[in-house]
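A closer look at the structure
Take a look at the letters that make up each chain.
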Amino acid sequence: MAVCVAVIAKENYPLYIRSIPTENELKFHYMVHTSLDVVDEKISAMGKALVDQRELYLGLLYPTEDYKVYGYVTNSKVKFVMVVDSSNTALRDNEIRSMFRKLHNSYTDVMCNPFYNPGDRIQSRR
Amino acid sequence: MADPALFEFLHTEMVAELWAQDPDPGPGGQKTSLLVLEGMGFRVGQALGERLPRETLTFREELDILKFLCKDLWVAVFHKQMDSLRTNHQVQAPLRLPGTLLCPQGTYVLQDNSFPLLVRMASGLQYLEEAPKFLAFTCGLLRGTLSTLGVKSLVTASVAALPACKFQVVIQKL
């Protein structure tokens, strides 16, 4: 189960950040913030490597003792970061990819919502 | 399917509505209406820029983004591809100070020989003055899509003879 999910805009400020255990939220915010550096490193590495296949999914960014952090970048440079509990080793790469795909679909739907101004915080009543 | 017709009718109504309130506005009023149309196109372009390149891989350079505009965006909105894409890079010096670098401004000219929103009107020089109203939304569309993909630009349109029109995209490099 994902423990924390964050959507970060092109200018590196968070559009949406939500964690499941409501206590100790600051720790997750800090982890997401530090993972942004790793994301930027991967993006610039992709730019220089001239690889033919440039994927949107970035993979495991860095593991800590309790959690693993995964990243994903869209074509509009919006980053999705997901923090997952390490104790659940049954989570395969495919499942993480499908979680990111669903997240990307929901983000696209938000962009198409005429009442949403790009750049605002994403709010949901549920 | 009736899809292309739906968008064309909606667009015609949008233009008609904005001009119906003041059938012969002075230059100031006309500019506001054009800005409103362009703004609408911009927002739609931002959403399309998010939705269309979903499964495509990351764009490697500017030309890839422009090619995407000509092929995928045009096909999605107008059900045909853009007829030609030309580059016209100019080197412009902003200030004449010693030691400044000349910043190159990428200019691309996208040409469509039978633009669907103009094809229904006339074929030739009739209605040449009315044409800009029908192009403002599309200019905004291009600018919005480019801005989501990370490119700041300025888009202008010109018509020599209906229904062929040219969109000039000037990319502003900071």
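Thresholds applied
- Residues numbered from 1 in each chain as written.
- Chains lettered and ligands numbered in written order.
- Predicted model: local features only at pLDDT ≥ 70, side-chain atom pairs only at ≥ 80, totals over all residues.
- Heavy atoms only, no water.
- Helix = DSSP H or I, 4+ residues; strand = E, 2+ residues; numbered from the N terminus.
- Buried < 20%, exposed > 50% of the residue type's maximum accessible area, 1.4 Å probe, protein only.
- Pairing = 2+ DSSP bridges.
- Phe/Tyr/Trp six-rings, centres within 6.5 Å; stacked < 30°, edge-to-face > 60°.
- Lys NZ or Arg CZ within 6 Å of the ring centre and 35° of its normal.
- pLDDT = per-residue confidence, 0-100.
- 1 Å grid on protein atoms, 1.4 Å probe; cavity = no way out; pocket = protein on both sides within 12 Å on 5 of 7 lines; lining within 4 Å.
- Points joined across faces, edges and corners; volume = space filled by probe spheres on them.
- Nonpolar A, V, L, I, M, F, W, Y, C, P; charged D, E, K, R; others polar.
- Axes fitted to C-alpha atoms, helices over the stretch in contact; angles between N-to-C directions.
- Left-handed = near helix turned anticlockwise from the far one by under 90°.
- Contact = heavy atoms within 4.5 Å.
- Core = buried A, V, L, I, M, F, W, Y, C linked by side-chain atoms within 4.5 Å.
- Expected span 1.5 Å × (residues − 1).

Focus on the environment of isoleucine 171 of chain B
Mapped onto the fold, isoleucine 171 of chain B is located in strand 5 (residues 164-171). A residue is classified by how much of its surface remains accessible, and isoleucine 171 of chain B, at 2% relative accessible area, is buried.

Here's the deal with the pairing of strand 4 (residues 153-161) of chain B
Residues and elements named next belong to chain B. Note: strand 4 against strand 5, eight bridges, orientation antiparallel. By the bridge assignment for strand 5, valine 155 is matched with valine 169. Taking the residues between adjacent antiparallel strands as the criterion, strand 4 and strand 5 are bridged by two residues.

Let's talk about the packing of aromatic side chains
Going through the model one piece at a time under the given rule, you end up with ten aromatic pairs over all chains. Residues phenylalanine 80 of chain A and tyrosine 107 of chain A carry aromatic rings whose centres are separated by 5.9 Å and whose planes lie at 70° to one another, so their mutual orientation is edge-to-face. In this pair, phenylalanine 80 of chain A is assigned in strand 5 (residues 79-85) and tyrosine 107 of chain A in helix 2 (residues 93-112), connecting sequence segments 27 residues apart. When sorted by exposure, phenylalanine 80 of chain A lands in the same class as tyrosine 107 of chain A, which is buried. Members of the aromatic cluster, joined through ring pairs, are Phe7, Trp74, Phe78, Phe115, Phe137 and Phe167 of chain B. The residue whose ring lies beneath lysine 27 of chain A is phenylalanine 28 of chain A, and the NZ or CZ to ring-centre distance is 5.6 Å.

A short note on the confidence of the model for chain A
Averaged over every residue, the pLDDT of chain A is 76; the share at 70 or more is 84%. Within chain A, strand 3 (residues 57-63) of chain A has the poorest average pLDDT of any element, 73, and helix 2 of chain A the best, 83.

With respect to empty space enclosed by the protein
All told, the structure shown has one cavity of 30 Å³ or more when counted by the stated rule. Taken as a whole, the largest cavity holds about 30 Å³ of empty space. In terms of lining residues, the largest cavity is bounded by Thr74, Asn75, Ser76 and His104 of chain A together with Gly49, Glu50, Pro53 and Arg54 of chain B. A class-by-class count of the residues in the lining of the largest cavity yields one nonpolar, five polar and two charged.

Some words on the packing of helix 1 (residues 3-20) of chain B against helix 5 (residues 131-148) of chain B
Residues and elements named next belong to chain B. Contact geometry of helix 1 with helix 5 gives a least axis separation of 10 Å together with a crossing angle of 115°. Our pair here, helix 1 against helix 5, has a crossing hand that is right-handed. Of helix 5, the residues touching helix 1 (which contributes Phe7, His11, Thr12, Met14, Val15 and Trp19) are Lys133, Phe134 and Phe137. The residue inventory of the contact of helix 1 with helix 5, partitioned by class, reads six nonpolar, two polar and one charged.

Some points on the sheet that holds strand 5 of chain A
Residue and element names in this part refer to chain A. Read from one edge to the other, the open sheet built from five strands follows the order 2-1-5-4-3, with strand pairing classed as antiparallel. Because the sheet does not close on itself, it has two edges, and the strands there are strand 2 (14-19) and strand 3. Each strand axis lies, on average, 15° off the axis of its neighbour in the sheet, ignoring direction. In terms of strand pairing, strand 4 (residues 67-73) meets strand 5 through seven bridges, oriented antiparallel. From the neighbouring strand, tyrosine 70 faces strand 5, where its bridge partner is methionine 82. Lying over the sheet, helix 2 contacts strand 1 (2-8), strand 2, strand 3, strand 4 and strand 5, oriented at roughly 140° with respect to strand 5.

Notes on the nonpolar core
Among the nonpolar cores identified, the biggest contains 39 residues, and Trp74, Leu110, Phe115, Leu118, Leu142, Phe167 and Val169 of chain B are the most heavily contacted of them. For this core, the secondary-structure elements that each account for two or more residues are helix 1, helix 2 (27-51), helix 3 (62-78), strand 3 (103-112), helix 4 (116-119), helix 5 and strand 5 of chain B. Sequence-distant contacts of leucine 142 of chain B, that is, excluding residues within four places in its chain, are made with Leu69, Leu73, Trp74, Val155 and Phe167 of chain B. Judged by nonpolar contacts, the second largest core, of 19 residues, contains Tyr70, Met82, Phe100 and Ile122 of chain A.

Description of helix 5 of chain B
Taking 1.5 Å as the rise per residue, helix 5 of chain B with 18 residues should run 26 Å; its terminal C-alpha atoms sit 27 Å apart, in good agreement. Where helix 5 of chain B ends, the next residue or the one after it, glycine 150 of chain B, has phi of about 95°, a positive value.

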